[in-house]
Amino acid sequence: MRLKLDLHEIYNKSKDLDRSLHGLIDEAEETGAKKVEIIPGKGSGALKKRVLRFLDRKDIKARYHRLEKDSKNSGRLFVHFKH
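Think of each chain on its own: its residues are numbered from 1, step by step along the sequence as written. Owing to the predicted nature of the model, reporting of local features is limited to residues with pLDDT of at least 70; listing and counting of side-chain atom pairs is limited to 80 or more, with chain, interface and lining totals taken over all residues. In computing side-chain values, all of the structure's heavy atoms are included and hydrogens and water are not.

Caption draft 1: Representation of the environment of Ile38. Strands here mean DSSP runs of E at least two residues long; helices mean DSSP runs of H or I at least four residues long; both are numbered from the N terminus. Structurally, the position occupied by Ile38 is in strand 2 (residues 35–39). Taking the C-alpha atoms as reference, Ile38 lies 7.5 Å from Leu7; in sequence the two are 31 residues apart. With residues near it in sequence (within four places) discarded, Ile38 still touches Leu5, Leu7, Leu21, Leu24, Val51, Leu55, Gly75, Arg76, Leu77 and Val79. Contact definition: two residues touch when any of their heavy atoms are within 4.5 Å.

Structure representation (structure tokens):
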């Protein structure tokens, strides 16, 4: 199972963004998803940086195995889990 979160609709809504990212991590753990796709988009890169900062938080980083930046599409990230 692979989950996907497209952030284009909520890029400027700080609370919704954090809630969505937390919800995605929670759902991945609950369903046993091995890989999660997050799409911050290309744009200026500010949203991607914000997502990376979120994923780098100590409490969040402990919940996933590794982070992969898509080499073919800079507006996409993959979060891998070991359950």
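Caption draft 2: Highlighting helix 2 (residues 46–56). Under the scheme applied here, a residue whose accessible area is under 20% of the maximum for its type counts as buried, over 50% as exposed, and between as partly exposed, the area being computed with a 1.4 Å probe on protein chains only. For helix 2, the set of buried residues is Leu47, Lys48, Val51, Phe54 and Leu55. Taken around the axis of helix 2, the buried residues stretch over an arc of 120 degrees, which confines them to a single face. The outward face of helix 2, more than 90 degrees from its buried face, is lined by the exposed residues Lys49 and Arg53. On its buried side, helix 2 packs onto helix 1 (14–31), strand 2, helix 3 (58–61), strand 3 (66–69) and strand 4 (77–80). As used here, the arc belongs to the directions running from the helix axis to the C-beta atoms.

Caption draft 3: Fine view of the sheet that holds strand 1 (residues 2–6). The rule for pairing is simple: two strands pair if DSSP sees at least two bridges between them. With mixed pairing, the 4 strands of this open sheet are ordered in space as 1-2-4-3. Of all the strands in the sheet, the pair left with one neighbour each is strand 1 and strand 3. For this sheet, the mean inter-axis angle between neighbouring strands, taken without regard to orientation, is 20 degrees. Both strand 3 and strand 4 contribute to a ladder of 4 bridges, which runs antiparallel. Residue pairing across strands places Leu67 opposite Val79, the latter belonging to strand 4. The sheet contacts of helix 1 involve strand 1 and strand 2, and relative to strand 1 the element is tilted by about 175 degrees. Note on method: axes are straight lines fitted to C-alpha atoms, helices fitted across the in-contact stretch only, with angles between N-to-C directions ranging 0 to 180 degrees.

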